[in-house]
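Coordinate analysis (summary)
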Amino acid sequence: MKHLILTLAFACAALLPASADNLSESILRHVTSTLREYGDYEVRFTVSAEGMGTTSGEYAVSGDRYRIRIRQQEQFSDGKNRYEIYDADREVVIDRIDTNTHDLFTNPTRAFDFAPEEFDSTYKGREKVGRKEADVVRLTPRNAHAAQGTITLYFDATTGLPLRIDYDYQGEQITVTLNRITPKEIDASLFVFDPARYADYEIIDFR
């Protein structure tokens, strides 16, 4: 489709004993805490979906700001507004950031920050992700009308860091493999929109 990021953005499990649910919540708390301690970090990933093949991307997070690149498209946020840059079409789409979404493609700052009042979490045991042993957590949205469906997360059993995310939206599967997460200081200029740089682009403002 025309806009990969927008396409990817639109992509009840049986209850286990209480101890399993406690374990899933503990795993989620650990990754949220770890990434918050990082503050600034960079992630390199690959994403695959049926009919779209596999492509690579990267994103950087600094607090509530981010910048994400996939193929020839990029998107960034200053924490209030989201800017989607389409070089091929000479377009910039501006909108308010949705602080409630956990979709990695529209707000990676909250990709692993799952509130228990929004999702039921279930520990599904261990599986291999590549050569690594992974703890698997299944998330089911409490709101049956949520845009995002079931999310399955795979966490490194040794470090607790995320290795893979499977998004299921109305039966359409999108898989994101996180190849590397690196704590590093991010240049603040990455999150600033400079209108002069896009003087010959069409600006579409939905704010």
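For the structure, check the block above.
Residues numbered from 1 in each chain as written. Predicted model: local features only at pLDDT ≥ 70, side-chain atom pairs only at ≥ 80, totals over all residues. Heavy atoms only, no water.

**Description of the overall build of the protein**
Applied cut-off: Helix and strand definitions follow DSSP, with helices as H or I runs of at least four residues and strands as E runs of at least two, each counted in order from the N terminus. Using the Shrake-Rupley algorithm and a 1.4 Å probe, accessible areas are obtained, with residue cover drawn only from the displayed protein chains.
Scanning the protein from terminus to terminus reveals two helices and 12 strands. Listing the helices and strands of the protein from first to last along the sequence gives α-α-β-β-β-β-β-β-β-β-β-β-β-β. Accessible area for the protein stands at about 10,900 Å²; split by element, carbon and sulfur atoms hold 47% of it.

**Topic: the pairing of strand E6 (residues 91-96)**
Here is the rule: Paired strands are those between which DSSP finds at least two bridges.
Sheet analysis places strand E5 (residues 81-86) next to E6, joined by six bridges and oriented antiparallel. Within the sheet, the bridge partner assigned to Asn 81 lies in E6 and is Arg 96. Taking the residues between adjacent antiparallel strands as the criterion, E5 and E6 are bridged by four residues, where Arg 90 takes a positive phi near 55 degrees. Alignment of E6 against strand E12 (residues 202-205), held across four bridges, turns out to be parallel. Bridge assignment links Glu 91 to a residue of E12, and that residue is Glu 202.

**Considerations on the environment of Gly 130**
Structurally, Gly 130 is set in the loop between strand E7 (119-129) and strand E8 (132-141). Separated by 33 residues in sequence, Gly 130 and Leu 163 place their C-alpha atoms 9.4 Å apart.

**Focus: the nonpolar core**
Cut-off, in case you're wondering: Side-chain atoms within 4.5 Å are what join buried Ala, Val, Leu, Ile, Met, Phe, Trp, Tyr and Cys residues into a set we call a nonpolar core. Relative accessibility under 20% of the residue-type maximum defines a buried residue, over 50% an exposed one, and the middle range a partly exposed one, all with a 1.4 Å probe and only protein chains included. Note on contacts: a residue pair qualifies if any of its non-hydrogen atoms lie within 4.5 Å across the two residues.
Counting 33 residues, the largest nonpolar core has Tyr 59, Leu 104, Phe 105, Phe 112 and Ile 165 as its most contacted members. The greatest single-element share of this core, amounting to five residues, is contributed by strand E1 (residues 40-49). If we ignore the near neighbours within four places in the chain, the residues touching Leu 104 are Tyr 59, Ile 68, Ala 111, Ile 165, Tyr 167 and Val 176. Within the second largest apolar cluster, eight residues are counted, among which are Tyr 83, Ile 85, Val 92 and Ile 94.

**As for the side chain of Glu 74**
So the rule is basically this: Side-chain atoms alone can form a polar contact between residues adjacent in sequence; in general such a contact is a pair of N or O atoms within 3.5 Å, and within protein one must be able to donate a hydrogen while the other accepts it.
With respect to the helices and strands, the residue Glu 74 is situated in strand E4 (residues 73-77). Of note is the side chain of Glu 74, whose polar atom sits 2.9 Å from the side chain of Arg 67.

**Points about the layout of surface pockets**
So the rule is basically this: Put simply, the grid is 1 Å and covers the protein atoms alone, a cavity is a trapped set of points that fit a 1.4 Å probe, a pocket is an open set with protein on both sides within 12 Å along at least five of seven lines, and lining residues have an atom within 4 Å of a point. Grid points are joined across faces, edges and corners, and a volume is the space filled by probe spheres set on the points. The residue classification treats Ala, Val, Leu, Ile, Met, Phe, Trp, Tyr, Cys and Pro as nonpolar and Asp, Glu, Lys and Arg as charged. All others, Gly included, are polar.
Roughly 270 Å³ of internal volume is contained in the second largest pocket. Glu 25, Leu 28, Phe 114, Ala 115 and Pro 116 are, among the 17 residues lining the second largest pocket, the residues nearest its centre. Breaking the lining of the second largest pocket down by element, the ones donating at least two residues are helix H2 (18-38) and E7. By residue number, the principal contributor to the lining of the second largest pocket is H2, which donates six residues. Split into classes, the residues belonging to the lining of the second largest pocket amount to eight nonpolar, two polar and seven charged.

**Side note on the sheet that holds strand E11 (residues 172-183)**
Selection criterion: Axes here refer to lines fitted to C-alpha atoms; in helices the fit is confined to the stretch in contact. Angles between the N-to-C directions go from 0 to 180 degrees.
Taken together, 12 strands build an open sheet; the order of strands is E7-E8-E9-E10-E11-E1-E2-E3-E4-E5-E6-E12 and the sheet is mixed. Every interior strand has two partners, whereas the edge strands, E7 and E12, have only one. This sheet shows a mean twist of 20 degrees between the axes of neighbouring strands, independent of strand direction. Taken together, the six bridges between strand E10 (residues 162-169) and E11 define a ladder with antiparallel strand orientation. Each bridged residue has a counterpart across the sheet, and for Arg 164 the counterpart in E11 is Thr 177.

**So, the side chain of Glu 84**
Among the structural elements, Glu 84 can be located in strand E5. Under the relative-accessibility criterion, Glu 84 is labelled buried at 3%. Separated by 2.9 Å, the side chains of Glu 84 and Tyr 86 make a polar contact.

**Some details on the packing of aromatic side chains**
Aromatic rings considered in pairs are described by the distance between their centres and by the relative angle of their planes. Quick note on the threshold: In summary, the pairing rule links any two rings of Phe, Tyr or Trp, Trp by its six-membered ring, whose centres are within 6.5 Å, and it sorts them by plane angle into stacked for under 30 degrees, edge-to-face for over 60 and tilted for everything else. Sitting over a ring, as applied to charges here, requires NZ of Lys or CZ of Arg to be within 6 Å of the ring centre and within 35 degrees of the ring normal.
For the coordinates displayed, the defined rule picks out eight aromatic pairs. The interplanar angle of 5 degrees and the centroid separation of 5.5 Å between the aromatic rings of Phe 193 and Tyr 198 together place this pair among those described as stacked. This pair shows no difference in class: Phe 193 is buried, exactly as Tyr 198 is. Measuring from centroid to centroid gives 5.2 Å for Tyr 198 and Tyr 201, while their planes differ by 80 degrees, and the two rings are edge-to-face. Put simply, the rings of Phe 76, Tyr 83, Phe 193, Tyr 198 and Tyr 201 pair up and form one aromatic cluster. Lying across the ring of Tyr 154, Arg 164 places its NZ or CZ 4.1 Å from the centre.

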